[in-house]
Amino acid sequence: MNKSVILLFYQKYKLILFPLAVILSSLVLIFFVISPQISRLLDTNRNIDELSKKNAFLDAKAQELEVLDGEDLQTKLNLALLALPQETDFANLIGVILNLSSQAQFSLVSFQTDRVDPKAGSKASAYGIRLILSGPKETLETLLSDIEQNSRVMKVTSVEYTAVRSDEPIDVQLGVEVYYSPIPSSLGAVDTPLPKLSDKDETIIATLARNVQQSASVSQISVSGPRGKANPFE
C-alpha cells in the first residue's frame, strides 16, 4: 500500500478516523491513567478521614485521662482489692476468720482449704475452706451473717453441728467459698473508649468504704487489712 492510497483513504474517511482516534485515546487515558489516580485519591481521602477521626478520639481520651483523680482511683482500687483480692491470700483470710470468730465468741479449731469447681459464666474464681469452730450456739447465726456480709467476698455453703445443751459450746463445721479475681492485664486497645465506673460500681465502692470504716471501728484493725464490702455477685 503506497502513500497515495493511504492519503486517499484518509481524505475519504478523515471525518470518521479523527473522532475515533480521539475517543480511543481518551478511553486509554481514562482506564490507565485517570481512573487509577482517582482511586488512589479516594483511598487517600478515606485514610485521612479515618486518621482525623482517630486523632479526635485519642485527643478526647487524653483529655479524659488528664482530668482523672489518680488518688481517688487508687483508693477505689485498694477497696476493691480488699473485697476481691487478685490471688488466694490465705494469710489475710485467716486473719478475717479469726476476727469474725472472736466477735461472735467462737474459737477457730481447724482451717483447711478445699477445691471448688469453677462455675460457668462466673467472673471471679473461688476456692473453698472448711472450718471447725467452737462457741455458743446463740451467736452462730451472727457468725454466719458476718461471714457472708463481711468485707471479703465469701459465701457459706454448708453448716453442720451437733445439738447440745444451750449452756454448752458447740463444735460447728462450716464450708465456705472464698472469691478472688486476678487484675486484668489490659484495659483494652488504645482506640477503645476509656472504661468508666457505672452508677452501680460507684454504689458498691461507697458501700465498701462504709463497711471498711465500720469494721475498723469494731475490730480496731487497720483499713490496710483484709476488710471490704458485701458480696457484689448477689
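For the structure itself, consult the block above.
What you see is a predicted model; the values in this text were computed from it and never measured.

The subject of this paragraph is the sheet that holds strand β3 (residues 154-161). Strand order in this open sheet of four strands is β1-β2-β4-β3, and the pairing throughout is antiparallel. Across the chains shown, the open sheet's two edge strands, defined by having one partner strand only, are β1 (107-114) and β3. Looking at each pair of strands side by side, their axes are set apart by 20 degrees on average, direction ignored. Relative to strand β4 (residues 170-180), strand β2 (residues 125-135) runs antiparallel, the two sharing 11 bridges. What sits directly across from Ser134, in β4, is Asp171. Where helix α3 (residues 90-103) meets the sheet, it contacts β1, β2, β3 and β4, and its direction lies at approximately 35 degrees from that of β2. In this fold helix α4 (residues 140-148) packs onto β3 and β4, with an angle of close to 155 degrees to the strand it touches most, β3.

The next subject is the pattern of salt bridges. For the coordinates displayed, the defined rule picks out five salt bridges. One salt bridge connects Asp72 with Lys76, and the closest N-O pair in it is separated by 3.1 Å. Highlighted residues: Asp72 and Lys76, both in helix α2 (residues 70-83), separated by four residues, approximately one helical turn. Salt bridges here are not isolated pairs; linked through shared partners, they connect Asp72, Lys76 and Glu202.

A residue is classified by how much of its surface remains accessible, and Lys76, at 16% relative accessible area, is buried. Beyond its immediate chain neighbours, meaning those up to four positions away, Lys76 contacts Leu197, Glu202 and Ile205.

Because an α-helix completes one turn every 3.6 residues, residues spaced three or four positions apart along the sequence face the same direction. Turning to α4, its buried residues are Leu140, Leu143, Leu144 and Ile147. Down the axis of α4, the smallest arc covering the buried residues is 95 degrees, so these residues share one side. Where α4 is buried, its residues touch α3, β3 and β4.

As a further point, take the packing of aromatic side chains. Counting across every chain of the model gives two aromatic pairs. With centroids separated by 5.1 Å and ring planes inclined at 70 degrees, the aromatic side chains of Phe90 and Tyr127 adopt a geometry described as edge-to-face. Of this pair, Phe90 sits in helix α3 while Tyr127 sits in strand β2, and the two are 37 residues apart along the sequence. For Phe90, a relative accessible area of 33% corresponds to the partly exposed category. Each ring, one from Tyr127 and one from Tyr180, has its centre 5.8 Å from the other, and the planes form 45 degrees; the classification is tilted. Highlighted residues: Tyr127 in strand β2 and Tyr180 in strand β4, separated in sequence by 53 residues. Each member of the aromatic cluster is reached from another via a ring pair, and the members are Phe90, Tyr127 and Tyr180.

Unlike most non-glycine residues, Asp89 shows phi in positive territory, near 55 degrees. As for its placement among the helices and strands, Asp89 is situated in the loop between α2 and α3. You can call Asp89 partly exposed: its relative accessible area is 24%. One non-glycine residue, Gln105, lies in the positive phi region at around 65 degrees. Topologically, Gln105 is positioned in the loop between α3 and β1.

Cut-off values and rules
- Residues numbered from 1 in each chain as written.
- Predicted model: local features only at pLDDT ≥ 70, side-chain atom pairs only at ≥ 80, totals over all residues.
- Heavy atoms only, no water.
- Pairing = 2+ DSSP bridges.
- Helix = DSSP H or I, 4+ residues; strand = E, 2+ residues; numbered from the N terminus.
- Axes fitted to C-alpha atoms, helices over the stretch in contact; angles between N-to-C directions.
- Contact = heavy atoms within 4.5 Å.
- Salt bridge = Lys/Arg side-chain N within 4 Å of Asp/Glu carboxyl O.
- Buried < 20%, exposed > 50% of the residue type's maximum accessible area, 1.4 Å probe, protein only.
- Arc of directions from axis to C-beta.
- Phe/Tyr/Trp six-rings, centres within 6.5 Å; stacked < 30°, edge-to-face > 60°.

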